Amino acid sequence: MPLTFTLDPAVTPELRDGILDLWADVSNAGGAVGFVPPVVREDIRPWLLRHFASMAEGTVRLLVGHDEEGRIAATAFLTLNTHHLMTHWLWLYTVMVHPRHQGKGYGRDLLGAAAEAARGLDGIGAIRLTCRGGLGLERFYESCGYKEVGRIPGAIRVAPGDDRDDVIMLLPLS
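Our subject in this report is the structure included herewith.

Cut-off values and rules
Residues numbered from 1 in each chain as written. Predicted model: local features only at pLDDT ≥ 70, side-chain atom pairs only at ≥ 80, totals over all residues. Heavy atoms only, no water. Pairing = 2+ DSSP bridges. Helix = DSSP H or I, 4+ residues; strand = E, 2+ residues; numbered from the N terminus. Axes fitted to C-alpha atoms, helices over the stretch in contact; angles between N-to-C directions. Contact = heavy atoms within 4.5 Å. Salt bridge = Lys/Arg side-chain N within 4 Å of Asp/Glu carboxyl O. Buried < 20%, exposed > 50% of the residue type's maximum accessible area, 1.4 Å probe, protein only. Right-handed = clockwise from strand over helix to strand, strands pointing away. 1 Å grid on protein atoms, 1.4 Å probe; cavity = no way out; pocket = protein on both sides within 12 Å on 5 of 7 lines; lining within 4 Å. Points joined across faces, edges and corners; volume = space filled by probe spheres on them. Nonpolar A, V, L, I, M, F, W, Y, C, P; charged D, E, K, R; others polar. Core = buried A, V, L, I, M, F, W, Y, C linked by side-chain atoms within 4.5 Å. Parallel < 35°, antiparallel > 145°, perpendicular 65-115°, else oblique. Left-handed = near helix turned anticlockwise from the far one by under 90°.

### A look at the sheet that holds strand S6 (residues 147-159)
One key point about sheets: their strands pair by backbone hydrogen bonds, in either a parallel or an antiparallel sense.
Here is step 1 of the chain: One open sheet accounts for seven strands, arranged S1-S2-S3-S4-S5-S7-S6; its pairing is mixed. In this open sheet, the two edge strands, each paired with only one partner strand, are strand S1 (4-7) and S6. Across this sheet, the average inter-strand angle for adjacent strands is 25°, counted without regard to direction.
Here is step 2 of the chain: With four bridges joining them, S1 and strand S2 (residues 60-66) adopt antiparallel strand pairing. Note on S2: the bridge partner recorded for Thr 4 is His 66.
Here is step 3 of the chain: Its contacts with the sheet place helix H1 (residues 13-28) against S2, strand S3 (72-80) and strand S4 (89-97), and it is angled at close to 100° to S3.
Here is step 4 of the chain: Along the sheet, helix H3 (residues 106-119) makes contact with S1, S2, S3, S4, strand S5 (126-132) and strand S7 (162-172), crossing S4 at roughly 155°.

Written as structure tokens, this is what we have:
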């Protein structure tokens with residue numbers, strides 16, 4: 001059953017709690033979304049609130065995918081550039097699919113919905129994202145049309161002695 005995607009849903013307590021649950025579950029399953037396990041919702045809450053504040057300012061758009069039971073199953077934050085020389089592309093952050101839905105093609109669906117949303121924004125010609133090296137994520141993003149355009153060795157410190165590359169990916173929308 002495909003996910004139902006919504007761009008810019010109303011920020012409600014249910015949305016907040018659903019994203020906190022998703023983010024914690026993805027992080028604790030080893031997902032590269034800004035944390036390393038173990039993590040609890042309260043560790044994530046300040047970061048989510050920053051995203052919500054940026055949404056209120058109009059610099060971030062939220063894409064949410066709900067499963068057939070109405071639960072939040074996937075999210076991505078589309079972040080607009082505020083520098084006047086870079087407003088023609090946006091960042092895609094915190095791309096997550098719940099572990100219970102891994103292997104169903106929902107990650108590919110989420111990226112497709114994000115590209116569709118970006119195409120609907122005035123003047124956006126590309127999506128840029130970064131991913132943590134060492135997990136094979138770049139292969140997944142490449143299979144979805146992204147191209148590796150840069151790599152910063154050892155930029156992400158997962159733990160002492162465990163530094164990972166920060167891989168920069170780009171998806172042209174034209």
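### What to know about the pattern of salt bridges
Here is step 1 of the chain: Within this structure, the stated rule accounts for 13 salt bridges.
Here is step 2 of the chain: Taking the shortest distance from any N to any O, the salt bridge between Arg 16 and Asp 17 comes out at 3.1 Å.
Here is step 3 of the chain: By relative accessible area, which is 25% here, Asp 17 ends up partly exposed.
Here is step 4 of the chain: When the shortest N-O distance is used, the salt bridge between Arg 71 and Glu 69 registers 2.9 Å.
Here is step 5 of the chain: Looking at Glu 69, the relative accessible area reads 54%, which means it is exposed.

### A few points about the pairing of S5
Here is step 1 of the chain: With five of seven residues buried, S5 is to be regarded as a mostly interior element.
Here is step 2 of the chain: The pairing of S4 with S5 spans three bridges and is classified as parallel. The residue of S5 that forms the bridge with Leu 90 is Ile 127.
Here is step 3 of the chain: For the handedness criterion, the β-α-β arrangement of S4, H3 and S5 is classed as right-handed.
Here is step 4 of the chain: The sheet contact formed by S5 and S7 spans seven bridges and is antiparallel.

### Remarks on the layout of surface pockets
Here is step 1 of the chain: Of the volumes computed, that of the largest pocket is approximately 970 Å³.
Here is step 2 of the chain: Looking at the largest pocket, it is lined by 38 residues, and the ones nearest its centre are Ala 32, Val 33, Val 95, Leu 137 and Tyr 141.
Here is step 3 of the chain: Elements with a minimum of two residues in the lining of the largest pocket: H1, helix H2 (41-57), S4, H3, S5 and helix H4 (137-143).
Here is step 4 of the chain: Partitioned by chemical class, the residues of the lining of the largest pocket number 23 nonpolar, eleven polar and four charged.

### A few points about the nonpolar core
Here is step 1 of the chain: Judged by nonpolar contacts, the single largest core of 29 residues is most densely connected at Leu 92, Ile 127 and Tyr 146.
Here is step 2 of the chain: Listing elements by their share of this core, those giving two or more residues are S3, S4, H3, S5 and S7.
Here is step 3 of the chain: Looking at this core element by element, the count peaks at eight residues for H3.
Here is step 4 of the chain: Leu 22, Val 33, Leu 48 and Val 64 belong to the second-largest nonpolar core, a separate cluster that totals 20 residues.

### Some remarks on the packing of H1 against H2
Helix-helix packing: each pair is described by the crossing angle between the helix axes and the interaxial distance.
Here is step 1 of the chain: Taken N-terminus to C-terminus, the directions of H1 and H2 make an angle of 125°; their axes are 10 Å apart at the nearest point. Taken as axis vectors, H1 and H2 run oblique relative to one another. Handedness of the crossing formed by H1 with H2: right-handed. Contacts between H1 and H2 involve Leu 15, Arg 16, Asp 17, Ile 19, Leu 20, Asp 21, Trp 23 and Ala 24 on the former and, on the latter, Arg 41, Ile 44, Arg 45, Trp 47, Leu 48, His 51 and Phe 52.
Here is step 2 of the chain: Its residues placed into classes, the contact of H1 with H2 shows nine nonpolar, one polar and five charged.

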